[in-house]
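Close look at the chain arrangement
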Amino acid sequence: MSYGLWFRNYLKHPLQLGALFPSGAALSKLMVQHIQPRNSGHVLELGAGTGSFTKALVRKGIAPEKLIIIEQSPEFVALLKSNFPACTIVEGDARNVVEILNSLGIEECDEIVSGIPLNAMNAGLRKAICSEAFTILKPGGSFVQVSYLPRCSIPSDTMAYHNTNKIFCGIAVTNLPPAFVWRARKND
Ligand SMILES: C[S@@+](CC[C@H](N)C(=O)[O-])C[C@H]1O[C@@H](n2cnc3c(N)ncnc32)[C@H](O)[C@@H]1O
């Protein structure tokens, strides 16, 4: 991946990207550390960008055919399609998760991984994206979210409404910028 592609996108949509650099290996590892490959269900990635978390998911043993990606930037979608041809990659807005997945014939996901910079969004959009994600998440699964601030960016009331528990996963200190990871696990 050329940094030029990332930087051009950053200049066009700084708040949509939320970071001056793509996610590093330590952060990617932290984001997927709780995920166990299961045989059946789908794993959803929101805001995959250049695919650092996607690569970590595939390394973890998630079959690419089970990976669904929703990414807003057409340039990143083209890059992801060329690097992960077996994944289902949709150019779209994460606020429409349920509609997008239903149109693919998918009613629920085992796990959700999100690189979307929720902290850079207004509260209404943040809530709408998380609510959609929790609606499609299977009980027992988690919605894992990166944050570039030392606070969880998944709204507490949305977590409570969808019967989830907040779990702190750790800090990737070597990431640029350092990143915090929380997940919300949906109770069975
Ligand atoms: C911090 S970047 C992800 C970085 C990624 N982990 C990587 O290493 O390249 C956030 C990504 O979320 C995407 N994004 C932001 N808002 C979105 C939305 N509402 N729906 C889908 N994708 C979105 C951006 O286009 C960007 O690619």
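For the structure, check the block above.
The text that follows walks through the structure, step by step, so that each part is easy to find.

Now for the state of the cysteines. Overall, the coordinates contain 0 disulfides when judged by the stated rule. Note on C109: no disulfide assigned, nearest cysteine sulfur contributed by C87 at a separation of 13 Å. Residue C109 is classed as buried on the basis of its relative accessible area of 0%.

Here we come to the pairing of strand β2 (residues 67-71). Among the 5 residues of β2, 5 are classified as buried, and the element is accordingly described as predominantly covered. A two-sided burial pattern is seen for β2, the buried positions comprising L67, I69 and E71 on one face and I68 and I70 on the other. Sheet topology note: the strand β1 (residues 43-46)/β2 ladder contains 4 bridges and is parallel. Counted as the bridge partner of V43 is L67 from β2. As for the winding sense of the linkage, the β-α-β connection from β1 through helix α4 (residues 52-59) to β2 is right-handed. In this view, the connection linking β2 to its parallel neighbour strand β3 (residues 88-91) by way of helix α5 (residues 74-83) has right-handed handedness.

Quick look at the site of the ligand now. Looking at the ligand, there are 26 residues lining it, with L17, S23, T50, S52 and E71 nearest. One of the side-chain nitrogen or oxygen atoms of E71 is found 2.6 Å away from an oxygen atom of the ligand. In this structure, D93 approaches the ligand through a side-chain N or O atom, which is 2.9 Å from a nitrogen atom. In isolation the ligand offers 600 Å² of accessible surface; the protein chains occlude 99% of this area. Among the elements of the structure, α2 (14-17), α4 and β2 are those that each provide at least two residues to the shell around the ligand. Split into classes, the residues belonging to the shell around the ligand amount to 13 nonpolar, 11 polar and 2 charged.

Side chains of Y3, F7, L11, L20, F21 and L176 sit close together on the surface and give an oily, nonpolar patch of about 550 Å² of accessible area. On the secondary structure map, Y3 appears in helix α1 (residues 3-12).

Below, the discussion takes up the nonpolar core. In this structure, L44, L46, L101, I112 and F143 are the most contacted members of the largest nonpolar core, which totals 29 residues. Counting only elements with at least two residues in this core, the list comes to β1, β2, α6 (97-103), α7 (123-136) and β7 (179-186). The greatest single-element share of this core, amounting to 6 residues, is contributed by α7. Excluding residues that lie within four positions of it along the chain, L46 makes contacts with I70, A94, V97, I112, V113, S114, G115, I116, I129 and F143. Counting 25 residues, the second-largest nonpolar core is a separate cluster that includes V32, F53, I62 and C87.

The subject of this paragraph is the sheet that holds β7. The 7 strands are arranged β3-β2-β1-β4-β5-β7-β6 in an open sheet whose pairing can be described as mixed. For this open sheet the edge positions go to β3 and β6 (164-172), each flanked by a neighbour on one side alone. Averaged over all neighbouring strand pairs, the angle between strand axes comes to 15°, with direction disregarded. Relative to strand β5 (residues 142-147), strand β4 (residues 111-114) runs parallel, the two being bridged by 3 bridges. Opposite I112, over in β5, you have F143 as the bridge partner.

Cut-offs applied
- Residues numbered from 1 in each chain as written.
- Predicted model: local features only at pLDDT ≥ 70, side-chain atom pairs only at ≥ 80, totals over all residues.
- Heavy atoms only, no water.
- Disulfide = S-S within 2.5 Å.
- Buried < 20%, exposed > 50% of the residue type's maximum accessible area, 1.4 Å probe, protein only.
- Helix = DSSP H or I, 4+ residues; strand = E, 2+ residues; numbered from the N terminus.
- Pairing = 2+ DSSP bridges.
- Right-handed = clockwise from strand over helix to strand, strands pointing away.
- Near = heavy atom within 4 Å.
- Polar contact = N/O pair within 3.5 Å; in protein donor to acceptor, adjacent residues only side chain to side chain.
- Areas by Shrake-Rupley, 256 points an atom, 1.4 Å probe, with all protein chains shown as cover.
- Nonpolar A, V, L, I, M, F, W, Y, C, P; charged D, E, K, R; others polar.
- Patch = residues over 30% accessible without salt bridge, like charges linked within 9 Å, V, L, I, M, F, W, Y side chains within 5 Å.
- Salt bridge = Lys/Arg side-chain N within 4 Å of Asp/Glu carboxyl O.
- Core = buried A, V, L, I, M, F, W, Y, C linked by side-chain atoms within 4.5 Å.
- Contact = heavy atoms within 4.5 Å.
- Axes fitted to C-alpha atoms, helices over the stretch in contact; angles between N-to-C directions.

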